[in-house]
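# Overview (structure and organization)
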Amino acid sequence: MLLFLGAFALFYIWHGLGVTIGYHRLLSHRSIECRKALEYFFVLPGYLSFEGSPIWWATIHRAHHRHVDTNLDPHSPRYGLKNAYAGWFTKKTYPAHINPEEQAPDMLKDKLYLFLEQGGDWRKAHVLSYAVNIGFRLILLYYFGWTVALASYLAAVLVLQIPLMLNVVCHIPKLGYKRFHSADDSVNVWWVAVLALGEGWHNNHHRYPGSAKTGISFWEFDLSWLVISALNRLGLLDRVNIAPGKQVRLANWKKKTMVQSR
Ligand SMILES: [Zn+2]
Ligand SMILES: [Zn+2]
C-alpha cells in the first residue's frame, strides 16, 4: 500500500507538472523558454497523462484565451456545462475558426509535435496518444510490477481531469473570486489551485496569460511556479515572463530574466 501511495503521489506531481509547465505555461503561453531537451522533459509527462497532441492542446487553449467566454470559445460553460467539460473534444477536427496554422504556427516547425498531431485528425491523434499511454504502462508493468503501473495509470487519469475540470469550475463566477475585474467569467478557486498545482488562480491567469507565475498574494500557492523559479535559479531557463506589479522584484533573480506580460 505504501508503495502504491508513494508511486501515485510521485506520478501525480510528474504528470501534473507535465500539464501545467509543459503543455500550458511553456507550449501554450511561451511564458518560459528553455532548451529543446528540457521542453520535451516537461511535455513528455503531459503526453503520458492522456493530454493528446501538444499542437492540438496549445491551439485550443490559445483560442480559449482569444475568444474567452464568447460563442467562439471552444469550452465556455456559458454555452453548456457538458460541452465545456468534455463535449468539445469529442469532435473529429477543429472548428472553422480555430486552426494550428493561425493559433500555433510556432509549434508546426517541430517534427515530433507534427507527428503527434496526425494531420489535425483528432480521433487519430487520440488513438495514437492512448496507444503510447498504454504502452508506457505495459513497460512499467514489466519492469516494476502492477502496483507501480496501476499507480501511474490512476494518477494520469486523475491529472487528465485537471484541465477539464478547471475549464468549467474556474469559469463559473459564484465558485471563486475575481482579483481583476474582467468581462469574462474567470475566477480564482483555491482548491483547484491545490489539485492543479497552481493553475486554479485562473482570473489572475486571464489577466496575465503570459506570466509564468499565477499566484499574486503570498497565500496564492503555485507549486508549478516554485519549480519554474528553481529551474531559473539553476540557470536552466533562457527566459521567464512575470506579470507586472509585486512580482517584478522576483524577476531580478537572474539577469537574463525578462519581465513582460502578454
Ligand atoms: Zn480560462
Ligand atoms: Zn492559459
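Before reading on, note that the structure itself is shown above.
A brief structural summary. Keep in mind that what you see is a predicted model, and the values were worked out from it rather than measured.

## Some details on helix α7 (residues 122-144)
Taking 1.5 Å as the rise per residue, α7 with 23 residues should run 33 Å; its terminal C-alpha atoms sit 32 Å apart, in good agreement. For α7, the set of buried residues is A125, S129, N133 and L140. Looking at the buried residues of α7, the elements they touch are α2 (36-47), α3 (54-66), α6 (111-117) and α8 (146-169). A positive backbone phi angle near 95° is found at G145, which sits one or two residues after α7.

## Regarding the packing of α7 against α8
The interhelical angle for the contact between α7 and α8, taken along N-to-C directions, is 155°, at an axis separation of 7 Å. The pairing of α7 with α8 is recorded here as roughly antiparallel in orientation. In the crossing of α7 with α8, the sense of the turn from one axis to the other is right-handed. Contact residues: α7 offers N133, R137, L140, L141 and F144, while α8 offers W146, V148, A149, S152, Y153 and A156. Here the residues of the contact of α7 with α8 are counted per class, giving 8 nonpolar, 2 polar and 1 charged.

## As for α8
Compared with the 34 Å implied by 1.5 Å per residue over 24 residues, the 34 Å span of α8 between its first and last C-alpha is a close match. Helix geometry: α8 is bent most strongly at P163, by close to 25°. When we look at burial in α8, the residues that qualify are V148, A151, S152, Y153, A155, A156, V159, I162, P163, L166, N167 and V169. Where α8 is buried, its residues contact α1 (2-28), α4 (81-85), α7, α9 (190-195) and α10 (202-207).

## Quick word on the environment of L116
Structurally, L116 can be placed in helix α6. A count of 20 C-beta atoms within 10 Å places L116 in the buried class. Along the primary structure L116 and L128 are separated by 12 residues, whereas in three dimensions their C-alpha atoms are 7.4 Å apart. In this structure, L116 is in contact with S53, P54, A125 and L128, ignoring residues within four places of it in sequence.

## Quick look at the packing of α1 against α2
Where α1 contacts α2, the axes come no closer than 6 Å and their chain directions differ by 120°. Relative to α2, the element α1 is oriented oblique. Judged by the sense of rotation from one axis to the other, the crossing of α1 with α2 is left-handed. For the pair α1 and α2, the contacting residues are W14, H15, L17, G18, V19, I21, G22, Y23, L26 and L27 in the first and E39, F42, V43, L44, P45 and G46 in the second. In terms of residue class, the contact of α1 with α2 is built from 11 nonpolar, 4 polar and 1 charged.

Definitions and limits used
- Per-chain numbering applies: the sequence of each chain, read as written, is numbered from 1 onward.
- Both sets of labels track the order of writing: A upward for chains, 1 upward for ligands.
- Local features are withheld for residues below a pLDDT of 70 in this predicted model, meaning they are given only at 70 or higher, and side-chain atom pairs are given and counted only at 80 or more; totals for whole chains, interfaces and linings count all residues.
- Under the scheme used here, helices are H or I runs from DSSP no shorter than 4 residues and strands are E runs no shorter than 2 residues, and both carry numbers assigned from the N terminus.
- To estimate the expected span of a helix, subtract one from its residue number and multiply by 1.5 Å.
- Residues are called buried when their C-beta atom has 20 or more other C-beta atoms within 10 Å, exposed when it has 12 or fewer, and partly exposed otherwise; all C-beta atoms are positioned from the backbone.
- Residues are treated as contacting if the C-beta atoms built from their backbones sit within 7 Å of each other.
- Lines fitted to the C-alpha atoms define the axes, with helices restricted to the stretch that makes contact. Angles between their N-to-C directions range from 0 to 180 degrees.
- Just so you know how the angles are binned, under 35 degrees is roughly parallel, over 145 roughly antiparallel, 65 to 115 roughly perpendicular, and the rest oblique.
- We call a crossing left-handed when the near helix sits turned anticlockwise from the far one by less than a right angle, and right-handed when that turn is clockwise.
- Note that Gly is not counted as nonpolar here; it falls among the polar residues with everything else outside the nonpolar set of Ala, Val, Leu, Ile, Met, Phe, Trp, Tyr, Cys and Pro and the charged set of Asp, Glu, Lys and Arg.
- To get the bend at a given residue, fit one axis to the seven residues ending there, fit another to the seven starting there, and take the angle between those axes.

Just distances and angles here, no functional claims.
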